[in-house]
Amino acid sequence: MKVKTRIDQQDLFFLLLQTQIGAGILSMPYSLYMAAKNDGWISLLLAAAAIFSLIYFYWLLCRRFPHQTLFDFSGKVFGKWGGALINLGYICYFVSTALLVYLNFADIIGRWVLLDTPRWLLILLLMFIAVSACSGSFSSIVSLFSFTSVFIVFLFILSLFIFKEPEIDYRYMFPVASQGVLPILRGAKEAVYGFLGVETALFFLAFVREPEKKGAVKGAFLAQIVISVFYLYLFMASIIMFSPKEIVLIPEPVLYMLKAITFKIIERLDLVFITVWMTAAATTIISYTYLAGMGLSKLLKIKHRRAVLAATGIIFILTFIPQGEMEITSIGRAVSFAGLIFSSALPLVLYIAAAFLKKGGAGL
């Protein structure tokens, strides 16, 4: 079944930007440094190149089935039951990813802002926002993401105050490539996790006008460029601010950098940053909740609003299972591994099968 809504390239840009950037900006510099040390910027560039290739591959797959999401054409490739199994896998993945973002959101807010507020209450408040947004039309979500993208610019402006500190030492960036090839490759794997959310392009491309043309992915490419530059900037800022002995002890280096900066009218710049970051986290959750609801709606033949409520209810129940930071970290690793499967392995299998079985309209 073809989707009816049509979006432009700037809409696709905002959808992917808001989906991807909310989850990784706080912890990405730390995880990248732990894997590749000061050579993490090389790892990040390698990961970005891989993501650009992945976007192009998504277009090759989606143009075979114009204006259809993966939930629609998976059944055309593998049959009713095979398609249903794949769709169920993506639904579980979207639910798990939304769960992880909820847990990270509550963890950050609970440690930095609302120390005594129960985790379930923080999650419930964000769920109310997500359900309200996902219950509307896809066009309303596009408008919301376009509007809230201004907060990404605000995050960048806030981070510039990092350079107000006199303790910056650019020598921490050198020597280049001192860690060898293997750490850089391990760092690239960690950096790829920061781009998770790119797999939503498999669904958002269905809404783009004239998806058969190469210009259909311009917005997606531009989103990856902006995300890559922003991540690269935050990583470089983190390693020149903290010494090698300090940064390994700081899981959220961006917040710690901003915490040290004070003004007469703003004492805690890090809290301002977190407030703005909450918007980015919310849009990430909205994307995954909407897609999980879309999948459940098609799988169970129920209305979209009921599917969104069902997905959110499942997520809320699951938030009570992990009790400590170690359990949340384990969930994060599992979701990251699943992300590699659902963002690359399964789409590749779908494309090969569609080409071999001559399914879909456009070829190579």
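Scoring rules and cut-offs
Residues numbered from 1 in each chain as written. Predicted model: local features only at pLDDT ≥ 70, side-chain atom pairs only at ≥ 80, totals over all residues. Heavy atoms only, no water. Helix = DSSP H or I, 4+ residues; strand = E, 2+ residues; numbered from the N terminus. Rg over C-alpha atoms; globule rule 2.2 N^0.38 Å. Buried < 20%, exposed > 50% of the residue type's maximum accessible area, 1.4 Å probe, protein only. Contact = heavy atoms within 4.5 Å. Areas by Shrake-Rupley, 256 points an atom, 1.4 Å probe, with all protein chains shown as cover. Lys, Arg positive; Asp, Glu negative; His and termini not counted. Charge placed at Lys NZ, Arg CZ, Asp CG, Glu CD. pLDDT = per-residue confidence, 0-100. Axes fitted to C-alpha atoms, helices over the stretch in contact; angles between N-to-C directions. Parallel < 35°, antiparallel > 145°, perpendicular 65-115°, else oblique. Left-handed = near helix turned anticlockwise from the far one by under 90°. Nonpolar A, V, L, I, M, F, W, Y, C, P; charged D, E, K, R; others polar. 1 Å grid on protein atoms, 1.4 Å probe; cavity = no way out; pocket = protein on both sides within 12 Å on 5 of 7 lines; lining within 4 Å. Points joined across faces, edges and corners; volume = space filled by probe spheres on them.

Caption draft 1: Fine view of the overall build of the protein chain. Helix and strand counts for the protein chain stand at 15 helices and 0 strands. A compact globule built from 364 residues should have a C-alpha radius of gyration of about 21 Å, and the protein chain, at 20 Å, falls within 12% of that. Across its three principal directions, the C-alpha atoms of the protein chain cover 60 × 45 × 35 Å. The proportion of buried residues among the 364 residues of the protein chain is 53%. A separation of at least 24 residues holds for 84% of the contacts in the protein chain among residues at least 6 apart in sequence. Put simply, the protein chain shows about 16,200 Å² of open surface, and 69% of that area lies on carbon and sulfur atoms. Averaging the positions of the 30 positive and the 19 negative side-chain charges in the protein chain gives two centres separated by 14 Å.

Caption draft 2: Seen up close, the side chain of Thr-312. Positionally, Thr-312 belongs in helix H14 (residues 304–318). Under the relative-accessibility criterion, Thr-312 is labelled buried at 7%. Excluding anything up to four places from it in sequence, Thr-312 contacts Met-127, Val-131 and Thr-289.

Caption draft 3: A look at the confidence of the model for the protein chain. For the protein chain, mean pLDDT is 87; residues scoring 70 or higher make up 96% of the total. Here helix H7 (residues 150–159) stands out as the element of the protein chain with the lowest mean pLDDT, 79, in contrast to H14, whose mean of 94 is the highest.

Caption draft 4: Broad picture of the packing of helix H5 (residues 119–134) against H14. Viewed as axis vectors pointing N to C, H5 and H14 meet at an angle of 165°, and their least axial separation amounts to 10 Å. It follows that H5 is roughly antiparallel to H14 by the angle criterion. Considering how the two elements wind past one another, H5 and H14 form a crossing that is right-handed. Counting all contacts with H5, which are made through Trp-120, Ile-123, Leu-124, Met-127, Val-131 and Cys-134, the residues of H14 involved are His-304, Val-308, Leu-309, Thr-312, Ile-315 and Phe-316. Here the residues of the contact of H5 with H14 sort into 10 nonpolar, 2 polar and no charged.

Caption draft 5: Summary view of the layout of surface pockets. Taken as a whole, the largest pocket holds about 1,200 Å³ of empty space. Forming the walls of the largest pocket are 37 residues, and the residues nearest its centre are Ser-27, Ser-31, Asn-104, Thr-329 and Gly-332. Where the lining of the largest pocket is concerned, the elements lending two or more residues are helix H1 (9–24), helix H2 (28–36), helix H4 (70–112), helix H8 (181–193), helix H13 (269–300) and helix H15 (325–356). In the lining of the largest pocket, the residues fall into 17 nonpolar, 13 polar and 7 charged.

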